[in-house]
Amino acid sequence: MTLLFSAAARRRGPRLALALVATAVLLSACGEKKDAAASQTAAKVNKDEVTVHQINFVLQQQRNLRPEQAEAASKQVLERLIDQQLALQKAEETKVDRDPRVMQQLEAARREVIARAYLEKVGEAAPKPTPEEIKKYYDEKPALFSQRRIYQIQEIGVEAPADRLPELRAKLAAAKNINEFVEYLKASGLRFSGNQAVRAAEQLPLNSLEALAKMQDGQAMVVPTPTGAQVVVLAGSRMQPVTEEQARPAIEQFLVNERRRKLVEDDLKAMRTAAKIEYVGKFAEGAPAAGGAAAPAAPAPASGALSSTDITKGLGLK
């Protein structure tokens, strides 16, 4: 059997390719001489049908599924959809679908799906960054790329009032090693807990990374927290730089996501400005001013550094 791939389909990436592989597997079992409409049925469940399109939709949500796993996964998905269809038929028979709570959930899901689809459509207008813009981002983030390090970090969370933070800093600076500082904490009666971890640069919050990148192995810093302080000790580190060529796909995707987020944010702000929104009752107290915007859920990651998977997994680094 032959499948025709359009240019648009090729751009949709691995998940679409996986779904098309599953389609080929299922359609081949139906025989090439059968008409297209009949071949779309994967199973008949009483008076209803489970279709290949339903199976493909589920497969497209499984991001880590490899093409060679498509046949086995398709069969597993089909069995789950059969169980789902049986439950749906029984629910309709017993009027469960008319339950007020169920109807409310259905309406909430409908609103969410449609609103998110609109926001995603707005974000699709974001242009791809130019090579110059990608290079600029690479050059401006040496701690993430050209001077990327793997950090061995020791963390000590200390519960202490704010007025004792200067004392903590002084004791940490005077201590010969971290064990001596821990003995001070024990003697002072302050509650604390310790943790150690190995983190790549992209696995750290951007503000923390900027501070760590300036530290030498063996140095420590005190970071205020709502309950006291976090003592961060850089026990060791090793260089593992990323070239611009390696980082380019991740940077491009990040910048596109940022532009999508900005487009969605601006579009929602414009709609709020044009709309007549009146808060009622207790919700009127402290309500945003006219044209003000709450923080909506956008279909793109929040701004900041690249995610931990963008470089480590996405670029195949260890």
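One structure accompanies this document, and this report is about it. (Residues numbered from 1 in each chain as written. Predicted model: local features only at pLDDT ≥ 70, side-chain atom pairs only at ≥ 80, totals over all residues. Heavy atoms only, no water.)

What to know about the packing of aromatic side chains
Then, number 1: Tallying each qualifying case throughout the model produces four aromatic pairs.
Then, number 2: Pairing Tyr137 with Phe254 gives two aromatic rings, centres 5.3 Å apart and planes at 45°, and the pair type is tilted. Here Phe254 lies in helix H11 (residues 244–274) and Tyr137 lies in helix H7 (residues 131–140), a separation of 117 residues in the sequence.
Then, number 3: Between Tyr138 and Phe145, the ring centres sit 5.2 Å apart and the planes meet at 25°, which makes this aromatic pair stacked.
Then, number 4: By relative accessible area, which is 11% here, Tyr138 ends up buried.
Then, number 5: Following the ring pairs from residue to residue traces out a cluster consisting of Tyr137, Tyr138, Phe145 and Phe254. (Phe/Tyr/Trp six-rings, centres within 6.5 Å; stacked < 30°, edge-to-face > 60°. Helix = DSSP H or I, 4+ residues; strand = E, 2+ residues; numbered from the N terminus. Buried < 20%, exposed > 50% of the residue type's maximum accessible area, 1.4 Å probe, protein only.)

Some details on the pattern of salt bridges
Then, number 1: In this structure the tally under the stated criterion is 17 salt bridges.
Then, number 2: For the salt bridge of Glu71 with Lys75, the shortest nitrogen-to-oxygen distance reads 3.8 Å. Residue Glu71 and its partner Lys75 are located together in helix H5 (residues 70–93), separated by four residues, close to a single helical turn.
Then, number 3: With a shortest N-O distance of 2.5 Å, Glu140 and Lys136 are connected by a salt bridge. Here Glu140 pairs with Lys136, and both are found in helix H7, just four residues apart, close to one helical turn. (Salt bridge = Lys/Arg side-chain N within 4 Å of Asp/Glu carboxyl O.)

Looking at the side chain of Gln85
Then, number 1: Mapped onto the elements of the fold, Gln85 is located in helix H5.
Then, number 2: Ignoring any residue separated from it by four or fewer positions in sequence, one finds Gln85 in contact with Val45, Asp48 and Val50. (Contact = heavy atoms within 4.5 Å.)

Some remarks on a nonpolar patch on the surface
Then, number 1: On the surface, a nonpolar cluster with roughly 310 Å² of combined accessible area is contributed by Ile277, Tyr279 and Phe283.
Then, number 2: For Tyr279, the location among the structural elements is in the loop between H11 and helix H12 (308–311).
Then, number 3: On the basis of relative accessible area, Tyr279 is assigned to the partly exposed category, the value being 32%. (Patch = residues over 30% accessible without salt bridge, like charges linked within 9 Å, V, L, I, M, F, W, Y side chains within 5 Å. Areas by Shrake-Rupley, 256 points an atom, 1.4 Å probe, with all protein chains shown as cover.)

Digging into the packing of helix H4 (residues 52–60) against H5
Then, number 1: H5 packs onto H4 with a crossing angle of 115° between their chain directions and a minimal axis gap of 10 Å. Comparing the axis directions of H4 and H5 gives the class roughly perpendicular. Viewed along their axes, H4 and H5 form a crossing whose handedness is right-handed. Across the interface between the two elements, Gln54, Ile55, Val58 and Leu59 of H4 pack against Ala73, Ser74, Val77, Leu78, Arg80 and Leu81 of H5.
Then, number 2: Of the residues belonging to the contact of H4 with H5, the class tally is seven nonpolar, two polar and one charged. (Axes fitted to C-alpha atoms, helices over the stretch in contact; angles between N-to-C directions. Parallel < 35°, antiparallel > 145°, perpendicular 65-115°, else oblique. Left-handed = near helix turned anticlockwise from the far one by under 90°. Nonpolar A, V, L, I, M, F, W, Y, C, P; charged D, E, K, R; others polar.)

Topic: H4
For an α-helix the count is 3.6 residues per turn, leaving residues at separations of three or four pointing the same way.
Then, number 1: Buried within H4 are the following residues: Val52, Ile55, Asn56 and Leu59. Considered in projection along H4, the buried side chains sweep an arc of 100° and stay on one side of the axis. Along H4, exposed side chains directed more than 90 degrees from the buried face belong to His53 and Phe57. (Arc of directions from axis to C-beta.)

A closer look at the nonpolar core
Then, number 1: Residues Tyr137, Phe145, Tyr151, Leu209, Leu212 and Ile251 are the most contacted members of the largest nonpolar core, which totals 20 residues.
Then, number 2: Sorting the residues of this core by element identifies H7, strand S3 (149–159), helix H10 (206–213), strand S6 (228–239) and H11 as the ones contributing at least two each.
Then, number 3: Counting 16 residues, the second largest nonpolar core, distinct from the first, contains Leu165, Phe181, Val182 and Val222. (Core = buried A, V, L, I, M, F, W, Y, C linked by side-chain atoms within 4.5 Å.)

Quick notes on the sheet that holds strand S5 (residues 220–225)
Then, number 1: Strand order in the open sheet formed by four strands is S4-S3-S6-S5, and the pairing between neighbours is antiparallel. Of all the strands in the sheet, the pair left with one neighbour each is strand S4 (191–200) and S5. Between one strand and the next, the sheet's axes are offset by a mean angle of 20°, whatever the strand orientation.
Then, number 2: Alignment of S3 against S4, held across 10 bridges, turns out to be antiparallel. Counted as the bridge partner of Gly157 is Ser193 from S4.
Then, number 3: Here helix H8 (residues 165–174) sits on the sheet and contacts S3, S5 and S6; the angle it forms with S5, its principal contact strand, is near 165°.
Then, number 4: The strands touched by helix H9 (residues 178–188) within the sheet are S3, S4 and S6, with S3 carrying the most contacts at an inclination of about 15°. (Pairing = 2+ DSSP bridges.)

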